[in-house]
Amino acid sequence: ISSVELTQLYLDRIARLNPELNAYVTLNPEASLAQARAADQCITKNEAPPLTGIPIAQKDIFCAKGWRTTCGSKMLENFVAPYDAHVIEQFNRAGAVNLGKTNMDEFAMGSSNETSYFGTVKNPWGTARVPGGSSGGTAAAVAARLCAAATGTDTGGSIRQPAALCGISGLKPTYGVCSRYGMIAFASSLDQAGPMGRSAEDLALMMNAMAGFDERDSTSLQREKEDYARDLNKPLSGLRIGLPKEFFAEGLGSDVAQAVEAAIAEYRKLGATVVDISLPNTRLSIPVYYVLAPAEASSNLSRFDGVRYGYRAPDYTDLTDMYEKTRAQGFGTEVKRRIMIGTYVLSHGYYDAYYIQAQRIRRLIAQDFTEAFKQCDVIMGPTSPSTAFKLGEKGDDPVQMYLSDIYTIAVNLAGLPGMSIPCGFGSNDMPVGLQIIGNYFDEARMLNAAHQYQ
Ligand code: GLN
């Protein structure tokens, strides 16, 4: 099959299923097919890079030259990016075809894709349910086979939680492995791009394309190039799996617990050993995250002022009025809530009590993992406390929504790599995700563990 034929097959399927699922916000069939034609020529000339002709979807947080890039917000409804994010450049270099831009929570703030200005995304496994978020469009697109694989970003769980809820695989790499250049910033010290796909093997191939040093991101890490697929077929005998007792406590759905325990039993059969560990500061990760992430967001989002780019309110009297109206009309409720919290915790008189205190606890949370990895090679547990919930179910209770990230957030605070792979179904027949957390730069070992189970 040629890349043009493959791309056309996906485009036809998208035309048929996307009106219901709403996984894509922007398509550009001409641009996709032009890339596919170029890929087919590479193949005939025998100079094809590794992902030549493979149709990949991109989360709408990545700037892609000539493509509308909205970040799920009215603020950027008509913004066409004048340049490529580093991640997009990397996929272009690898020969991939950009199939389209996927829906997401506004500025990646959310766990259900319900904060998107472009409407909710439906979970392909049950369309009355959410796909998770913020990379919900990507997760739904992969699950419904509307692309071969796709990108996501993860600030507090936004790759792993939607992967779990949609029954696919997703990996958040070690902080600094993928460049944040051209990725619209939410909380810069936590944001990390990563792949979402059908299998660990696909994620490894995606990582080979995405990862790499980029001097335009000051936190990008200069490391030797690695092949993320190199250990996929290693046997698991001797692998030490740590099970944190805090991940199997109150708040975890019993159906999710059962599916995760069954997966751990499978790992024992594959030769792994299991050790009980503790991450004592787990319960502090949500309060710490909801001080630090909004603080960074309030600063990052100050650039959306109606002057430089994006939406500008049509009627105003003077500059201040223009700023106020633009931001009042351009941002949705959840984004405004975060900006207000962030501005508050950074303000004089509260900075020490909230922001500095949260930074201190962030360090303790990271130390918990350092201690734990003295006793085990990988940590496993649930990705999310429940399977996909109903659309609208948590809509008016932000704290309930924030709790869906209880098992994923600490990983971002520590800068560690984490992934989610499917491990069966819950009592409502919706998919359950198994989370695998690794030590810094241990992505290849995590992918090995995932691949052997799959
Ligand atoms: N759900 C979390 C939040 O709303 C995490 C989002 C993310 O990882 N981008 O902030």
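Residues numbered from 1 in each chain as written. Predicted model: local features only at pLDDT ≥ 70, side-chain atom pairs only at ≥ 80, totals over all residues.

Caption draft 1: Quick peek at the overall build of the chain. Looking only at helices and strands, one finds 14 helices and 11 strands in the chain. Here the chain has a C-alpha radius of gyration of 21 Å; the compact-globule value for 454 residues is 22 Å, and the two agree. Projecting the C-alpha coordinates of the chain onto the three principal axes gives extents of approximately 65 × 65 × 45 Å. Within the chain, the fraction of its 454 residues that count as buried is 54%. Of the contacts formed within the chain by residues at least 6 apart in sequence, a portion of 76% connects residues at least 24 apart. (Helix = DSSP H or I, 4+ residues; strand = E, 2+ residues; numbered from the N terminus. Rg over C-alpha atoms; globule rule 2.2 N^0.38 Å. Buried ≥ 20, exposed ≤ 12 C-beta atoms within 10 Å, placed from the backbone. Contact = placed C-beta atoms within 7 Å.)

Caption draft 2: Representation of the domain arrangement of the chain in the model. Examined at the domain level, the chain breaks down into domain 1 (3–210), domain 2 (240–285 + 354–453) and domain 3 (304–352). Each of domain 2 and domain 3 was reduced to a C-alpha centroid, and the two centroids are 35 Å apart. Between domain 2 and domain 3, the residue contacts involve 4 residues of the former and 6 residues of the latter. Ranked by the residues each element gives to the side of domain 2 that touches domain 3, the list is headed by helix H11 (residues 352–372), at 3 residues. Among the residues making up the side of domain 2 that touches domain 3, the classes are represented as 4 nonpolar, no polar and no charged. (Domains from an automatic or database assignment. Nonpolar A, V, L, I, M, F, W, Y, C, P; charged D, E, K, R; others polar.)

Caption draft 3: The arrangement of the packing of helix H8 (residues 285–300) against helix H10 (residues 333–346) in detail. Where H8 contacts H10, the axes come no closer than 7 Å and their chain directions differ by 100°. Classified by the interaxial angle, the pair formed by H8 and H10 is roughly perpendicular. Mapping the contact onto sequence places Tyr290, Val291, Pro294, Ala295, Ala297 and Ser298 in H8 and Arg338, Ile339, Ile341, Gly342, Thr343, Val345 and Leu346 in H10. For the contact of H8 with H10, a count of residues per class yields 9 nonpolar, 3 polar and 1 charged. (Axes fitted to C-alpha atoms, helices over the stretch in contact; angles between N-to-C directions. Parallel < 35°, antiparallel > 145°, perpendicular 65-115°, else oblique.)

Caption draft 4: Representation of the UniProt feature "active site" (unreviewed entry) in the chain within the structure. As recorded in UniProt, the sites labelled "active site" (unreviewed entry) are Lys59, Ser134 and Ser158. Spatial clustering of the annotated residues is evident: they stretch over 100 residues in sequence, but the largest pairwise C-alpha distance comes to 11.1 Å. Looking at the element boundaries, lysine 59 is found in strand E2 (residues 55–59). Here lysine 59 is in contact with Thr102, Met104, Ser135, Thr138, Ala150, Thr151, Gly152 and Thr153, once residues within four sequence places are set aside. With respect to the helices and strands, serine 134 occurs in the loop between strand E3 (97–102) and helix H4 (136–143). The residues contacting serine 134, other than those within four sequence positions of it, are Met104, Asp105, Ala108, Met109, Gly110, Asn113 and Ser158. (UniProt positions renumbered as here; feature names shortened; annotations may be inferred.)

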